[in-house]
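Structure at a glance
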Amino acid sequence: MIKLPPGVEIEEVPLDKRYRSNLRGLLVRIRKLYEALEDRFGEDGLELIRDVSREYGDEIAQRVRAREDGMDLHDVARFLVKLFNGMRAEGEVREWSDERVVIMVPECPYPFTRPQTCRAHTTMEEALVHGLNPGLDYVIEKCIPEGDPECWHVLSRR
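Fair warning: this is a prediction, and the values are worked out from it, not measured in the lab.

What follows deals with the nonpolar core. Judged by nonpolar contacts, the single largest core of 21 residues is most densely connected at Val76, Phe79, Leu80, Leu128, Val129, Leu132 and Leu155. Put simply, the parts of the chain that give this core at least two residues each are helix H2 (43-67), helix H3 (73-86), strand E2 (100-105), helix H5 (123-132) and strand E3 (136-142). Looking at which element gives the most residues to this core, the answer is H3, with six residues. When sequence neighbours within four positions are dropped, the list of residues in contact with phenylalanine 79 reads Ile60, Val64, Arg67, Met71, Leu128 and Leu132.

As structure tokens, this is what we get:
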């Protein structure tokens, strides 16, 4: 916390409200940076987003694999839910079977408006899933930026 001089005070915002507001602002800023990369550099900008996202997903998978001994479909799904919860995403698991898990998110946390930006960004989740279990696929079956009412993050066996 920033120390104020004697006699100077500011209103203390509850941690949950402060966290939600600050996180939302950062996620919107990321979206705007992505869009600026695409606007300035076109497909090269999208490729840069994909490359950075893929590398980040691989890094997370390496850290998780170092402490986890093999992850099945449900383990990977639980890990993704933990990530989404850490971003304060709302939603629910719509399907939980031995072959497929569907995580529905009714509002994009970033909030993406361009499908191509969403696809470039979610290269991270795809790399993460493959890094945790190469026998799994990750796709976005429904996508708000493509006009769907909600996003479906789908994990399935290959």
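Scored by pLDDT, the chain has a mean of 92; 99% of the residues are at 70 or more. Least confident of the elements in the chain is helix H1 (residues 15-41), whose mean pLDDT is 88; most confident is strand E1 (residues 92-96), at 97.

Taken together, Leu4, Val8 and Ile10 make up a surface patch of nonpolar side chains, about 280 Å² in accessible area. Its location among the elements puts valine 8 in the segment before H1. Taking relative accessible area as the criterion, valine 8 reaches 42% and is therefore assigned partly exposed.

Moving on to the pairing of E1. Of the strand pairs in this sheet, E1 and E2 are connected by four bridges, and their pairing is antiparallel. Bridged to glutamate 92 within E2 is methionine 104. As consecutive antiparallel partners, E1 and E2 are separated by three residues.

Bringing the side chain of glutamate 150 into the picture now. Its place among the elements puts glutamate 150 in the loop between E3 and strand E4 (151-157). Side-chain polar atoms of glutamate 150 contact the side chain of arginine 94, separated by 2.9 Å. Among the polar contacts made by the side chain of glutamate 150, one reaches the side chain of tryptophan 152 at a distance of 2.8 Å. Discounting chain neighbours no more than four positions away, the residues touching glutamate 150 are Arg94, Met104, Val105, Pro106, Lys142, Cys143 and Ile144.

What counts, and at which threshold
- Residues numbered from 1 in each chain as written.
- Predicted model: local features only at pLDDT ≥ 70, side-chain atom pairs only at ≥ 80, totals over all residues.
- Heavy atoms only, no water.
- Core = buried A, V, L, I, M, F, W, Y, C linked by side-chain atoms within 4.5 Å.
- Buried < 20%, exposed > 50% of the residue type's maximum accessible area, 1.4 Å probe, protein only.
- Helix = DSSP H or I, 4+ residues; strand = E, 2+ residues; numbered from the N terminus.
- Contact = heavy atoms within 4.5 Å.
- pLDDT = per-residue confidence, 0-100.
- Patch = residues over 30% accessible without salt bridge, like charges linked within 9 Å, V, L, I, M, F, W, Y side chains within 5 Å.
- Areas by Shrake-Rupley, 256 points an atom, 1.4 Å probe, with all protein chains shown as cover.
- Salt bridge = Lys/Arg side-chain N within 4 Å of Asp/Glu carboxyl O.
- Pairing = 2+ DSSP bridges.
- Polar contact = N/O pair within 3.5 Å; in protein donor to acceptor, adjacent residues only side chain to side chain.

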